[in-house]
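Coordinates in review
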Amino acid sequence: MAAATNRSPLLRLFLFTTTTITLVSSNAIFYLKYRYEGTNRSLNSLRAHDTNRLRMFSDVDFPLGGSGAPDFSGIYYARIGIGTPSKSYYMQVDTGADVTWVNCIHCTDCPQRGYHGIELTLYDPNDSVTSRTVSCGEKFCMEVSGGLLTGCTADSNLLCNYAELYGDGGSSTGYFVNDIIQYDQVSGDLQTTASNGSVSFGCSAGEFLDQASSDYALDGLLGFGKSNWSMISQLASSGRVRKMFAHCLDGENGGGIFAIGQIVKPKVNTTNLIPGQPHYNVNLTAVKVGDDYLSLPSNIFEAGGRKGAIIDCGTTLAYLPAFIYEPLVSQILAQQPSLDLRTVQDLYSCFQFSESLDDGFPNVTFYFQNSLQLEVLPHEYLFPVDNLWCIGWQNSGNQSRDKMNLTLFGDLVLLNKLVLYDLENQTVGWTPYNCSSSIEVKDEQSGTVHFVGAHDLPMSASSVNVVPIVTGILLVLLGCCFSSPNR
């Protein structure tokens, strides 16, 4: 079993059967790996991955054609320690999921090895002296389930069972436990020391479809969504971590940073999150291609519902409604009217081009409330496939039965930018940045500011080190999708 790619559940079930340790840290670090590093991703794989993720952002199905088998495994993953004594686990890091879970000893179909031969480990609560089960009457269980469920009382000893059912047909089922996670805290410039904290997470016994045979299997999932029971919220509830995090995906060298806590430098301009939305939705106000603004109806940018743009590093490409996609792509291609367009796999518009992409095509700029801009360069929205350059912008209207106005920004537009998620102030923002360099993170206990740099997890399974989480967590992301030589 591996971490689920389509993360936001269509249905969450809570069943009940019979049957304290504080966080000592200030800034925490995860070192992440990109699972496709060193591999040649096919367009079928890209499309299948994003198709599964598109399902989670809507109430409709997105039936796409193609011969590629859906790929459900995680993109960025980290190695963390869980339990006492600590054992290491490889976990997908996911900004769209709330529930954190790890495959448990009860799973009979989970593989022993995963991506690149990594040795996977089943979590056994009985092997950890700090593990305890979460009862259905605890606050954590009531928050996840939306209240005290029928058959459970506040002093009940019934287990808090769960079933996460995902839009791609996969699932994670089991019960919640509380245990210690091991991580590194920032102790100085480019230095860390070991630390730990207690969190509640799912002990998963159910099978996630097609993962047992997957070459990309992982041990579980770290949920960094917006809810009070996500990993970021639990770490922040101790009062020693700020409820904010940032990631920086390096499109040049394939690395990056993911940090929890107060980012002091670089400075990031932010815009408000749309209230009442389950994901990181923001209000889009205008779109410019080169020097020309697209002529769009003013009411398409109204706040709320499906008209907000979703920021999601777990999606590969970028999806726009037809009334934005069509004029945007038309103006991009107008810069090179002699191009011979080819449709690859019935979906992607591609062409041959041997000159500089950035000189031959226009920048695309999206504008948001509070004067926030997202500029995407040609070498970022075009990606190579079989000696062709393909357009990364996708028409979301073509992929839904109701032609929904879905705007979803994935890695295609988030590369080479520090993206900040501030849940304390309900804002999100970004700034262009060299993601192979370092950032400055504030230690909330001492008030000092430390440099935190990008790191790597070795490719060899035998040499991978335990992921350091740091309060003000730094997750090092490795191997992004679109690194283009033609600038």
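Above this text sits the structure in question.
The sections below set out a description of the structure shown in this document.

The rules behind each value
- Residues numbered from 1 in each chain as written.
- Predicted model: local features only at pLDDT ≥ 70, side-chain atom pairs only at ≥ 80, totals over all residues.
- Heavy atoms only, no water.
- Helix = DSSP H or I, 4+ residues; strand = E, 2+ residues; numbered from the N terminus.
- Buried < 20%, exposed > 50% of the residue type's maximum accessible area, 1.4 Å probe, protein only.
- Areas by Shrake-Rupley, 256 points an atom, 1.4 Å probe, with all protein chains shown as cover.
- Phe/Tyr/Trp six-rings, centres within 6.5 Å; stacked < 30°, edge-to-face > 60°.
- Disulfide = S-S within 2.5 Å.
- Core = buried A, V, L, I, M, F, W, Y, C linked by side-chain atoms within 4.5 Å.
- Contact = heavy atoms within 4.5 Å.
- Pairing = 2+ DSSP bridges.
- Axes fitted to C-alpha atoms, helices over the stretch in contact; angles between N-to-C directions.

Further remarks concern the overall build of the protein. When you go through the protein residue by residue, the secondary structure sums to 7 helices and 32 strands. Within the protein, buried positions represent 61% of all 487 residues. When the accessible surface of the protein is split by element, carbon and sulfur atoms take 46% of a total near 18,000 Å².

Take the packing of aromatic side chains next. Under the definition given, this model contains 17 aromatic pairs. When the centroid spacing of 4.7 Å and the interplanar angle of 65 degrees are considered together, the rings of Tyr280 and Tyr421 count as edge-to-face. Taken together, the residues Tyr280 in the loop between β14 (269-272) and β15 (281-282) and Tyr421 in strand β28 (residues 417-422) connect sequence positions 141 residues apart. This pair shows no difference in class: Tyr280 is buried, exactly as Tyr421 is. An aromatic cluster of three or more residues is present, and its members are Phe366, Phe368, Tyr381, Trp393, Phe409 and Trp430.

Turning to the state of the cysteines, a few remarks are in order. Covalent bonding between the sulfur atoms of two cysteines defines a disulfide. In this structure the tally under the stated criterion is 6 disulfides. With its sulfur 1.9 Å from that of its partner, Cys104 forms a disulfide with Cys203. Taking the sign of the torsion about the S-S bond as the criterion, the disulfide between Cys104 and Cys203, at about -140 degrees, is left-handed. Of this pair, Cys104 sits in the loop between β5 (101-103) and β6 (132-133) while Cys203 sits in strand β9 (residues 191-204), and the two are 99 residues apart along the sequence. Here Cys107 pairs with Cys110 through a disulfide, and the sulfurs are 2.0 Å apart. With the S-S dihedral at roughly 100 degrees, the linkage between Cys107 and Cys110 falls on the right-handed side.

Moving on to the nonpolar core. Leu328, Phe366, Phe368, Trp393 and Phe409 are the most contacted members of the largest nonpolar core, which has 72 residues in total. Ranked by residues supplied to this core, first place goes to helix α4 (residues 322-334) with 6 residues. The contacts of Phe409, once residues within four sequence positions are left out, are Ala309, Ile310, Ile311, Asp312, Leu317, Ala318, Leu320, Phe366, Phe368, Leu374 and Leu414. Listed in part, the 15 residues of the second largest apolar core include Val99, Val134, Leu158 and Tyr162.

The subject of this paragraph is the environment of Leu414. By secondary structure assignment, the location of Leu414 is in helix α7 (residues 411-414). Between the C-alpha atoms of Leu414 and Pro432, which are 18 residues apart in sequence, the distance is 9.2 Å. When neighbours within four sequence positions are excluded, Leu414 is seen to be in contact with His247, Ile311, Asp312, Cys313, Phe409 and Val419.

With that settled, consider the sheet that holds strand β24 (residues 382-385). As summarised here, the arrangement of the 4 strands in space is β20-β21-β25-β24, forming an open sheet in which the pairing is antiparallel. Looking at strand neighbours, the two that pair on one side only are β20 (342-344) and β24, the edges of this open sheet. Taken pair by pair, the neighbouring strands of this sheet meet at an average axis angle of 40 degrees, ignoring direction. Summarising the sheet, strand β21 (residues 348-351) and strand β25 (residues 388-391) pair through 2 bridges and their orientation is antiparallel.

Moving on, we get to the pairing of strand β22 (residues 364-368). A large share of β22 lies buried, amounting to 5 of its 5 residues. Residue alternation in β22 divides its side chains into two sets, Val364, Phe366 and Phe368 and Thr365 and Tyr367, and both sets are buried. Two elements, β22 and strand β23 (residues 372-376), share 5 bridges in a ladder whose sense is antiparallel. Residue pairing for β23: Val364 is matched across the bridge by Val376. What sits between the antiparallel neighbours β22 and β23 is a turn of 3 residues, in which Asn370 has the positive phi angle 70 degrees.

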